[in-house]
Amino acid sequence: MKRGISYFGRIAQWSIALTLIVSSSHASSILFLDGFESGKTSKWSVATGYVTTLNPRSGAYCIAVPYEDGQTHMMRIDLGVGIAPTNEFFIRFWVKIGANYHAPYLGWKWIRLKHGQVDGIQAEFFCNSESWGTQVVSYQTGGFHDNPSLNWNWYTGGMADGNWHKVEVFGKYNTDSQANGILRVWGDGNLKFESTSFVWRTDTWANDTFKLFYLPSNAGDGTHRAQSGDIIYYDDIEIWDGMPFADGKNPPKPPSGLKLIITPQ
Ligand SMILES: [Ca+2]
């Protein structure tokens, strides 16, 4: 008892100030997070994948998505009105290509966003795997608006080595149909593509933001088809309404410069 009183007395002589210093801050908040640790796919509105304990990237589970010929949209999240990002978004996920994956490249959209609340073509964005690399494509009903090459062939670039790889995408929408949008794509933390003149949308959909998120989408081009048994694994999927803890130029890192300051008074 004496010891307790003494301890309390010492504490009373101090006021404790906690100072949290973060190297940079941002008002971004996370909209969606799934590491599949629930053992379910209930966060997804469409899920042809299944939860598995086979070599997850984190925790006990990841998702295995059979990427078979004839399939189209494999996994889909409906962010919905009022939840979807406003003028920026940031997406991060981890992907692993199954050891017996056959489809070499074409048609593999390893990320796809649609701006409409329905599963139709209005305005959309996708990263399309091609033989020579990847296209980052902005498309809306009536035609393409931006489809530059991303200097990253995921297949020969090491993504198909059986290991987990990190993909990150930052987007800031263009305004008034001008070519002033921002798009940055990172692979394993390395910047693979950057545009500050990206056209996300025009005309009718000039103010739309994406509401549907697909991971992955589509299969094959009629020649290079996926086959039964082709599986892609995903884990730790995050969707933010902006760049967390960074300036949009660098992939976010955990907060640094954290300090706990106890000040005697
Ligand atoms: Ca997990």
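Here the structure is shown first, and the text comes after it.
Residues numbered from 1 in each chain as written. Predicted model: local features only at pLDDT ≥ 70, side-chain atom pairs only at ≥ 80, totals over all residues.

A. Main features of the overall build of the protein. Within the protein, the secondary structure is distributed over 2 helices and 16 strands. By the burial criterion, 38% of the 265 residues in the protein qualify as buried. Pairs at least 24 apart in sequence give 68% of the contacts found in the protein among residues at least 6 apart. (Helix = DSSP H or I, 4+ residues; strand = E, 2+ residues; numbered from the N terminus. Buried ≥ 20, exposed ≤ 12 C-beta atoms within 10 Å, placed from the backbone. Contact = placed C-beta atoms within 7 Å.)

B. Quick look at the nonpolar core. Ranked by size, the top nonpolar core spans 56 residues in total, and within it Val65, Phe213 and Tyr234 carry the most contacts. Among residues more than four places away in sequence, those in contact with Tyr234 are Cys62, Ile63, Val65, Phe93, Trp94, Val95 and Leu215. (Core = buried A, V, L, I, M, F, W, Y, C linked by C-beta atoms within 7 Å.)

C. Examining unusual backbone geometry more closely. Although it is not a glycine, Asn55 sits at a positive phi angle of roughly 50°. As for its position among the elements, Asn55 is in the loop between β3 (50-52) and β4 (62-66). A positive phi is found at Asp188, a non-glycine position, where the angle reads about 50°. You can see Asp188 is positioned in the loop between β13 (181-187) and β14 (190-198). When the 16 C-beta atoms within 10 Å are taken as the criterion, Asp188 is described as partly exposed.

D. Region of interest: the pairing of strand β16 (residues 231-240). Extensive coverage of β16 is indicated by the burial of 8 of its 10 residues. Here 4 bridges tie strand β1 (residues 30-34) to β16, and the two strands are oriented antiparallel to one another. Within β16, the residue paired with Ile30 across the bridge is Trp240. Bridging between β4 and β16 involves 4 bridges; their strand directions are antiparallel. Residue pairing for β16: Pro66 is matched across the bridge by Ile231. In this sheet, β16 lies alongside strand β6 (residues 88-97) in antiparallel orientation, the contact comprising 7 bridges. In the strand pairing of β16, Phe90 is matched with Trp240. (Pairing = 2+ DSSP bridges.)

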